Amino acid sequence: MARQSKAQKETVGRVMHEFKHGELRIRGTGPKVKNPKQAVAIALHEAGATRQESPKENRRNLSRTKAKERRGETAEAETEGKAAQDRTMRRQTARKRADGAGRTRDELYAEARRRDIPGRSKMSKGELERALHR
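Please read these numbers as outputs of a predicted model, since none were measured by experiment. (Residues numbered from 1 in each chain as written. Predicted model: local features only at pLDDT ≥ 70, side-chain atom pairs only at ≥ 80, totals over all residues. Heavy atoms only, no water.)

(A) Here's a closer look at the side chain of Gln-8. Positionally, Gln-8 belongs in helix H1 (residues 6–20). When sequence neighbours within four positions are dropped, the list of residues in contact with Gln-8 reads Arg-3, Ala-47, Gly-48, Ala-49 and Leu-62. (Helix = DSSP H or I, 4+ residues; strand = E, 2+ residues; numbered from the N terminus. Contact = heavy atoms within 4.5 Å.)

Take a look at the structure:
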């Protein structure tokens, strides 16, 4: 499966947050989603990360969702306020930063490429950290 972009991960996180709090609805106005698998399917669709649609359709879905988030039209923003949604997005990004002592996997990979460490493209973030600290 292809890697998700930062925007896609944030959207999936927001949708799953809505599901966890019982705010996620089918098609936005329908009944509340009760099935976790259905919530994941909705999250991937909104994030443009599903394998069921073309890349063009996925890009369109992600841009539509991001516009909706900017306008504050998500269930989280409507019930808790736009500031709460912004806090959720910032917290997800901050948590990723805290795990790697301030360095993302991409930053670690760039350093490994600079040092010409073999096998770097298949390494996880933890493996890159270990390889760089030798």
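(B) Region of interest: helix H3 (residues 55–71). Spanning 17 residues, H3 covers 24 Å between terminal C-alpha atoms, matching the ideal 24 Å at 1.5 Å per step. Of all the residues in H3, the buried ones are Asn-58, Asn-61, Leu-62, Thr-65, Lys-66, Ala-67 and Glu-69. Count one or two residues on from H3 and you reach Gly-72, which has phi positive near 80 degrees. (Expected span 1.5 Å × (residues − 1). Buried < 20%, exposed > 50% of the residue type's maximum accessible area, 1.4 Å probe, protein only.)

(C) Here's a closer look at the side chain of Lys-66. As for its position among the elements, Lys-66 is in helix H3. Owing to a relative accessible area of 15%, Lys-66 belongs among the buried residues under this scheme. At 3.0 Å, the side chain of Lys-66 forms a polar contact with the side chain of Glu-69. When residues no more than four places from it in sequence are discounted, the contact partners of Lys-66 are Ala-7, Glu-10 and Thr-11. (Polar contact = N/O pair within 3.5 Å; in protein donor to acceptor, adjacent residues only side chain to side chain.)

(D) Region of the structure containing the pattern of salt bridges. Going through the model one piece at a time under the given rule, you end up with 11 salt bridges. The closest approach of N and O atoms between Glu-57 and Arg-60, which form a salt bridge, is 2.6 Å. Placement of both Glu-57 and Arg-60 in helix H3 is noted, with a separation of three residues, approximately one turn of the helix. Among the ionic contacts, a cluster of salt bridges with common partners joins Glu-10, Arg-14, Glu-18, Glu-46, Lys-66, Lys-68 and Glu-69. (Salt bridge = Lys/Arg side-chain N within 4 Å of Asp/Glu carboxyl O.)

(E) Spatial organisation of the nonpolar core. Counting residues in hydrophobic clusters, the biggest one holds 10 residues: Val-12, Val-15, Phe-19, Leu-24, Val-33, Ala-39, Ile-42, Ala-43, Ala-47 and Ala-49. Contributing elements (two or more residues each) for this core: H1 and helix H2 (36–47). It is H2 that contributes the most residues to this core, four residues altogether. Apart from residues no more than four positions distant in its own chain, Ile-42 is found in contact with Val-15, Leu-24 and Val-33. Listed in part, the seven residues of the second largest apolar core include Leu-108, Ala-112, Ile-117 and Met-123. (Core = buried A, V, L, I, M, F, W, Y, C linked by side-chain atoms within 4.5 Å.)

(F) Representation of the packing of H1 against H3. Running from N to C, H1 and H3 point in directions that differ by 60 degrees, and their axes come no closer than 11 Å. In terms of orientation, H1 and H3 fall into the oblique class. You can see that H1 and H3 cross each other, and the crossing is left-handed. Taking contact as the criterion, the partners of Ala-7, Gln-8, Glu-10, Thr-11 and Arg-14 in H1 are, on H3, Leu-62, Thr-65, Lys-66 and Glu-69. Tallied by class, the residues present in the contact of H1 with H3 amount to two nonpolar, three polar and four charged. (Axes fitted to C-alpha atoms, helices over the stretch in contact; angles between N-to-C directions. Parallel < 35°, antiparallel > 145°, perpendicular 65-115°, else oblique. Left-handed = near helix turned anticlockwise from the far one by under 90°. Nonpolar A, V, L, I, M, F, W, Y, C, P; charged D, E, K, R; others polar.)

(G) Main features of the packing of H2 against H3. The contact between H2 and H3 brings their axes to 6 Å, and the two run at 95 degrees. By the angle between their directions, the pair H2 and H3 is classed as roughly perpendicular. For the pair H2 and H3, contact is made by His-45, Glu-46 and Ala-47 and by Asn-61, Leu-62, Thr-65 and Lys-68, respectively. Partitioning the contact of H2 with H3 into residue classes produces two nonpolar, three polar and two charged.

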